[in-house]
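Analysis of the macromolecular model
If you want the building blocks of each chain, they are given just below.
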Amino acid sequence: MASLQKINPQNASGSVFTDTSCIDCGTCYHLAPDSFQEIRGASVVVSQPQSLKQWGEVKRAIVSCPT
């Protein structure tokens, strides 16, 4: 589970975030490409979800994350 103590500083500001335990498996940016991208070997939030569709994608990415 993501930890506020280990939040990745590259994330876009907001409630959705990745932390430094990310192994960059690609799950999140494949499931929610509008919100997540790979940057310097880690998956980060590049845009906070705005629409219901984006929120649904982000929620699927969160529950699918292996770390």
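On a predicted model such as this, the values are computed, not experimentally measured, just so you know.

Now for the overall build of the protein. A tally of helices and strands in the protein yields two helices and two strands. Ordered by position from the N terminus, the helices and strands of the protein form the series α-β-β-α. Relative to its length of 67 residues, the protein is compact, with a C-alpha radius of gyration of 10 Å against a globular reference of 11 Å. Its C-alpha atoms give the protein principal-axis dimensions of roughly 25 × 20 × 20 Å. The buried share of the protein, taken over its 67 residues, is 34%. At a minimum sequence separation of 6, the contacts of the protein that also span at least 24 residues come to 44%. On the protein, roughly 4,200 Å² of surface is accessible, and the fraction owed to carbon and sulfur atoms is 57%.

Moving on, we get to the pattern of salt bridges. The full count for this structure, using the stated rule, is one salt bridge. Where Lys53 meets Glu57, a salt bridge forms, and the shortest distance between an N and an O atom there is 2.9 Å. One end of the pair is Lys53 and the other is Glu57, both in helix 2 (residues 52-64) and four residues apart, which spans about a single turn. Relative accessible area serves as the criterion here: at 55%, Lys53 is assigned to the exposed category.

For Val63, the location among the structural elements is in helix 2. In sequence terms Val63 and Pro33 are 30 residues apart; their C-alpha atoms lie 15 Å from each other.

What follows covers the pairing of strand 2 (residues 42-45). Working note: regular strand, side chains alternate between the two faces of the sheet. By the alternation rule, side chains of strand 2 split into Ala42 and Val44 and Ser43 and Val45, which are all buried. Pairing of strand 1 (residues 36-39) with strand 2, which is carried by four bridges, proceeds in the antiparallel orientation. Across the sheet, Gln37 pairs through a bridge with Val44, a residue of strand 2. Hairpin connection of strand 1 to strand 2: two residues between the antiparallel strands, including Arg40 at a positive phi of 50 degrees.

Definitions and cut-offs
- Residues numbered from 1 in each chain as written.
- Predicted model: local features only at pLDDT ≥ 70, side-chain atom pairs only at ≥ 80, totals over all residues.
- Heavy atoms only, no water.
- Helix = DSSP H or I, 4+ residues; strand = E, 2+ residues; numbered from the N terminus.
- Rg over C-alpha atoms; globule rule 2.2 N^0.38 Å.
- Buried < 20%, exposed > 50% of the residue type's maximum accessible area, 1.4 Å probe, protein only.
- Contact = heavy atoms within 4.5 Å.
- Areas by Shrake-Rupley, 256 points an atom, 1.4 Å probe, with all protein chains shown as cover.
- Salt bridge = Lys/Arg side-chain N within 4 Å of Asp/Glu carboxyl O.
- Pairing = 2+ DSSP bridges.

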